[in-house]
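The lines below spell out each chain.
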Amino acid sequence: MTTQYENISPDLIWECCRTRNAYLTKRKQAGGVQFSRDPLNLLNKHSRKYAGFLNEQAIGIQPDSNTVKLITKVKGRANKPAAMYHESSFSASTPSRKLYKAVVNSTAKKGYRSDLRAEAVARASAVKLSQREKKEKSRQTKLRGSKAKKAKEAESSS
């Protein structure tokens, strides 16, 4: 669904496919909200700004098998689908600050969609957090106040 011709405006394509496209997900609950399943959409929000299939420059951050994958769309390769994307992977052992700095360097510092910098860092943070192992609470919470007094009285009376 990418733009294949230089003479077609992305705005025209958006007007044609904004009501119906492969990535659009409509929900009748919650006031008819619309989401996007586009892998290059950072917020999964159906809007012109975040539509990755439409823009010449798009950023996507996806979870992979215990890694964070940063996908950028290479400008000028719309007619070459195999070479259209540049992918970078960061392992789980990559420190968070290094990951965020790499995301910022690949977006704003290279002049590549600086308006998506905060969204890209937030998405990378959420993906990194979701891949972290959950710690189980091993200790029980200590009773305090009136509940502690009642438990002590019940224990001493039995």
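The coordinates are above.
A.B. asks: An account of a positive patch on the surface is needed here, citing residue identities and associated values.
C.D. replies: A cluster of like positive charges, contributed by Lys 137, Arg 139, Lys 142 and Arg 144, occupies part of the molecular surface. Given a relative accessible area of 79%, Lys 137 falls into the exposed group.

A.B. asks: Tell me about the nonpolar core, and please be specific about residues and values.
C.D. replies: Core analysis: the largest hydrophobic core is formed by 14 residues, its most contacted members being Leu 42, Ile 59, Ile 61, Leu 99 and Val 103. Secondary structure elements with two or more residues in this core: strand 3 (59–64), strand 4 (67–73), helix 3 (96–107) and helix 4 (117–130). Considering each element in turn, this core owes the most residues, three residues, to helix 4. Setting aside chain neighbours within four positions, we find Leu 42 in contact with Ile 59, Gly 60, Ile 61, Leu 116, Glu 119, Ala 120 and Arg 123.

A.B. asks: Can you explain the sheet that holds strand 3? Please cite residues and give values.
C.D. replies: Overall, antiparallel pairing links the three strands, which are arranged 3-4-5 in an open sheet. The open sheet has two edge strands with one neighbour each: strand 3 and strand 5 (85–91). This sheet shows a mean twist of 20° between the axes of neighbouring strands, independent of strand direction. Together, strand 3, strand 4 and strand 5 form the strand contacts of helix 4, whose direction differs from that of strand 3 by roughly 5°.

A.B. asks: Can you explain the environment of Asn 41? Please cite residues and give values.
C.D. replies: Relative to the helices and strands, Asn 41 resides in the loop between strand 2 (34–36) and strand 3. Judged by its relative accessible area of 2%, Asn 41 is buried. When the C-alpha positions of Asn 41 and Ile 61 are compared, they lie 8.4 Å apart, and in sequence the two are 20 residues distant. Filtering out sequence-adjacent residues up to four positions away, Asn 41 remains in contact with Ser 36, Tyr 50, Ile 59 and Arg 123. One polar contact links the side chain of Asn 41 to the main-chain amide nitrogen of Leu 43, over a distance of 3.2 Å. Of the polar contacts made by the side chain of Asn 41, one reaches the backbone nitrogen of Asn 44; its length is 3.0 Å.

A.B. asks: An account of unusual backbone geometry is requested, with residue identities and associated values reported.
C.D. replies: For Asn 66, which is not glycine, the phi dihedral falls at a positive 60°. You can see Asn 66 is positioned in the loop between strand 3 and strand 4. Accessibility expressed as a relative area gives 47% for Asn 66, which makes it partly exposed. The phi dihedral of Arg 113 is positive, around 50°, even though this residue is not glycine. When you line up the elements, Arg 113 lands in the loop between helix 3 and helix 4.

A.B. asks: Explain helix 1 (residues 10–17) to me, using residue names and the numbers behind them.
C.D. replies: Of the residues making up helix 1, those classed as buried are Ile 13, Trp 14 and Cys 17. Buried residues of helix 1, viewed axially, fall in a sector of 100°; they line one side. Exposed and facing more than 90 degrees away from the buried side of helix 1 are Leu 12 and Cys 16. With a side-chain oxygen positioned 3.1 Å from the backbone nitrogen of Asp 11, the residue opening helix 1 is Ser 9.

A.B. asks: Please set out the side chain of Arg 123 residue by residue, giving values where relevant.
C.D. replies: When you line up the elements, Arg 123 lands in helix 4. As a buried residue without a salt bridge, Arg 123 has its nearest oppositely charged side chain in Asp 38, at a separation of 9.8 Å. A polar atom in the side chain of Arg 123 sits 3.0 Å from the backbone oxygen of Leu 42. Apart from the residues within four sequence positions on either side, Arg 123 is in contact with Asn 41, Leu 42, Asn 44, Ile 61 and Gln 62.

About the cut-offs
Residues numbered from 1 in each chain as written. Predicted model: local features only at pLDDT ≥ 70, side-chain atom pairs only at ≥ 80, totals over all residues. Heavy atoms only, no water. Patch = residues over 30% accessible without salt bridge, like charges linked within 9 Å, V, L, I, M, F, W, Y side chains within 5 Å. Areas by Shrake-Rupley, 256 points an atom, 1.4 Å probe, with all protein chains shown as cover. Salt bridge = Lys/Arg side-chain N within 4 Å of Asp/Glu carboxyl O. Lys, Arg positive; Asp, Glu negative; His and termini not counted. Charge placed at Lys NZ, Arg CZ, Asp CG, Glu CD. Buried < 20%, exposed > 50% of the residue type's maximum accessible area, 1.4 Å probe, protein only. Core = buried A, V, L, I, M, F, W, Y, C linked by side-chain atoms within 4.5 Å. Helix = DSSP H or I, 4+ residues; strand = E, 2+ residues; numbered from the N terminus. Contact = heavy atoms within 4.5 Å. Pairing = 2+ DSSP bridges. Axes fitted to C-alpha atoms, helices over the stretch in contact; angles between N-to-C directions. Polar contact = N/O pair within 3.5 Å; in protein donor to acceptor, adjacent residues only side chain to side chain. Arc of directions from axis to C-beta.

Functional significance is not addressed by these values, which are geometric in nature.
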